[in-house]
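A look at the structure
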Amino acid sequence: MPSTTAPFELPRVGVVITCHNYRAYIENAIRSVLAQTYQKWDCVIVDDASTDGSAEHVRQLLETIGDPRLRLLVRPQNGGQLATFRDGFAAGDQPFVAFLDADDVWLPNFLVAHLSAHLNTMHPVSLSSSDVLLVDRDGVVLGGTYVTMRKPRSQMDPDGVAVPPTSRLGEIAPGIACSTEYPITYFGPRTSGWIWAPTSSMVFRRGALEPVLAFPFQSRMSTDYLTATCAHMVAGSLLLSECLGLYRLHGANASTNGAYAGGHVQQTPAYKANNINLGADVLDYVLANAERLDAIHGKGFVSEVITHHVRRFGRLLDDPRIVRFLSLKSRWRRWRKRSVRDLRRLFGKA
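None of the values given here were measured: they were computed from a predicted structure.

Description of the environment of V33
Here V33 shows up in helix α1 (residues 23-34). Judged by relative accessible area, V33 falls into the buried class, the value being 0%. A C-alpha to C-alpha distance of 8.5 Å links V33 and L107, two positions 74 residues apart in sequence. Residues contacting V33, with those up to four places away along its chain left out, are V15, I17, W41, C43, L100 and W106.

As for the pairing of strand β6 (residues 127-135)
Along β6, eight of the nine residues are buried, which leaves the element largely enclosed by surrounding structure. Of the strand pairs in this sheet, β6 and strand β10 (residues 202-205) are connected by three bridges, and their pairing is antiparallel. Of the residues in β10, the one forming a bridge with S129 is M202. Inspection of the sheet shows β6 paired to strand β11 (residues 237-248) by eight bridges, in the parallel sense. Bridging from a neighbouring strand, L133 pairs with L246 of β11. Looking at chain direction, β6 and strand β7 (residues 141-143) are connected through two bridges and run antiparallel. By the bridge assignment, V135 is partnered in β7 with V141. The loop that links β6 with its antiparallel partner β7 comprises five residues; one of these, G139, has a positive phi angle of about 85°.

Brief notes about the packing of helix α5 (residues 206-213) against helix α6 (residues 223-235)
When two helices pack together, you describe them by how their axes are tilted relative to each other and by the distance separating the axes. At a minimum axis separation of 9 Å, α5 and α6 run at an interaxial angle of 120°. In terms of their interaxial angle, α5 and α6 are classed as oblique. Judged by the twist between their axes, the crossing of α5 over α6 is right-handed. When α5 is examined against α6, the residues A208, L209, V212 and L213 are found in contact with a partner set consisting of L226, T227, C230 and A231. Of the residues assigned to the contact of α5 with α6, the class counts are seven nonpolar, one polar and no charged.

As for the packing of aromatic side chains
For the structure on display, the rule yields ten aromatic pairs. Judged by centre distance (6.0 Å) and plane angle (65°), the ring pair of Y22 and Y25 falls under edge-to-face. No difference in accessibility class separates Y22 from Y25, as the two residues are buried. Plain terms: the ring middles of F85 and F99 are 3.9 Å apart, the flat faces sit at 0° to each other, and that makes the pair stacked. In this pair, F85 is assigned in helix α3 (residues 81-90) and F99 in strand β4 (residues 96-101), connecting sequence segments 14 residues apart. Judged by its relative accessible area of 0%, F85 is buried. Through a chain of ring-to-ring contacts, three or more aromatic side chains come together here, namely F85, F99 and F204.

Focus on unusual backbone geometry
Phi is positive for A49, which is not a glycine, with a value near 55°. Here A49 lies in the loop between β2 (41-47) and α2 (54-65).

A word on α6
One turn of an α-helix holds 3.6 residues; hence residues three or four places apart share an orientation. Between its terminal C-alpha atoms α6 stretches 19 Å, which fits the 18 Å expected from 13 residues at 1.5 Å a residue. Taking burial as the measure, the 13 residues of α6 include eleven buried ones, the bulk of the element. Among all positions of α6, only T223, D224, Y225, L226, T227, A228, T229, C230, A231, H232 and M233 are buried. G236 lies just past α6 and shows a positive phi near 85°.

Quick notes on the environment of A91
Counting through the fold element by element, A91 comes out in the loop between α3 and β4. When the C-alpha positions of A91 and V46 are compared, they lie 9.8 Å apart, and in sequence the two are 45 residues distant. Once residues lying within four places of it in the same chain are set aside, the contact partners of A91 are V44 and R71.

Focus: the nonpolar core
If you look at the biggest cluster of nonpolar residues, it comprises 55 residues, and the most contacted ones within it are F99, F217, V302 and I306. In terms of residue count, helix α7 (residues 269-288) provides more of this core than any other element does, seven residues in total. If near-sequence neighbours (up to four positions away) are discounted, I306 is found in contact with L283, V286, L287, I322, F325 and L326. Formed by 39 residues, the second largest nonpolar core is a distinct cluster that contains V13, A29, L100 and L115.

Rules of the game
Residues numbered from 1 in each chain as written. Predicted model: local features only at pLDDT ≥ 70, side-chain atom pairs only at ≥ 80, totals over all residues. Heavy atoms only, no water. Helix = DSSP H or I, 4+ residues; strand = E, 2+ residues; numbered from the N terminus. Buried < 20%, exposed > 50% of the residue type's maximum accessible area, 1.4 Å probe, protein only. Contact = heavy atoms within 4.5 Å. Pairing = 2+ DSSP bridges. Axes fitted to C-alpha atoms, helices over the stretch in contact; angles between N-to-C directions. Parallel < 35°, antiparallel > 145°, perpendicular 65-115°, else oblique. Left-handed = near helix turned anticlockwise from the far one by under 90°. Nonpolar A, V, L, I, M, F, W, Y, C, P; charged D, E, K, R; others polar. Phe/Tyr/Trp six-rings, centres within 6.5 Å; stacked < 30°, edge-to-face > 60°. Expected span 1.5 Å × (residues − 1). Core = buried A, V, L, I, M, F, W, Y, C linked by side-chain atoms within 4.5 Å.

Structure, rendered in structure tokens:
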């Protein structure tokens, strides 16, 4: 009788929970990992020198749970979100890695849905991102979607490329069978700008993320922007339209601290001011990896990326390193903007 067992193993997922002074929420995050229907995971909780007793609370919780897949790593001094990402990433070798902020929660099908998407038969990608429910500090639902995530929202939206259910691996690998009516869309590496939901919605391929986390970025916060933007340039992204997690708005988020008013999650002034630093970090990464990225996608890819990037972060036009990557039209635009700015400065002095 022929064997019905698939001749391959399903991949393990490395889960990294990052925590700084989130004692009130960390247990919910850990238990949401334990509740996953896909059980081939290993989880490291990285405490970034919390001062509210988070580390001791986690230590006692792990002793009570007694699951060897869970472990705690405590940083001796605060290094910011990027440092915790790096430490958690280095603690494992799984082919897929997911980061969960300690104040967020995954729904039970989070991992199985993401792996089912990643292992589709059309577009293997660098990362995936699913939609999230917005909740308050007590878990009360405030919104049913993260608006800036670029999922299909109308007939007129540029939806990328649809990945139909028949192109996913569930039929021959029952361990990741995931039935859903929600569309999954593919966006290639040439898609620019923010298209994802926040950190806790993402699952990365280790091979795409490794060179990104090894890069000497200057920013300590907004690590999801750096990792997603740079990893995406290798093989693109899959966006899962289904809400598979809870994104908590508790008044002390790094990116927002106001009451949710609907629409976009409003960013703090400090977060907005940091955007130019993020733009500069991404530009540094692209320039340092220009040869590799052009080799993957063909000559001209880096020029296209930089053109879109400096259009968004106008101040980066002053960087002399970008000139050789710009088209004649973009060089003319750069010269014109700088000339107008210089004339305005002279006029102001007159």
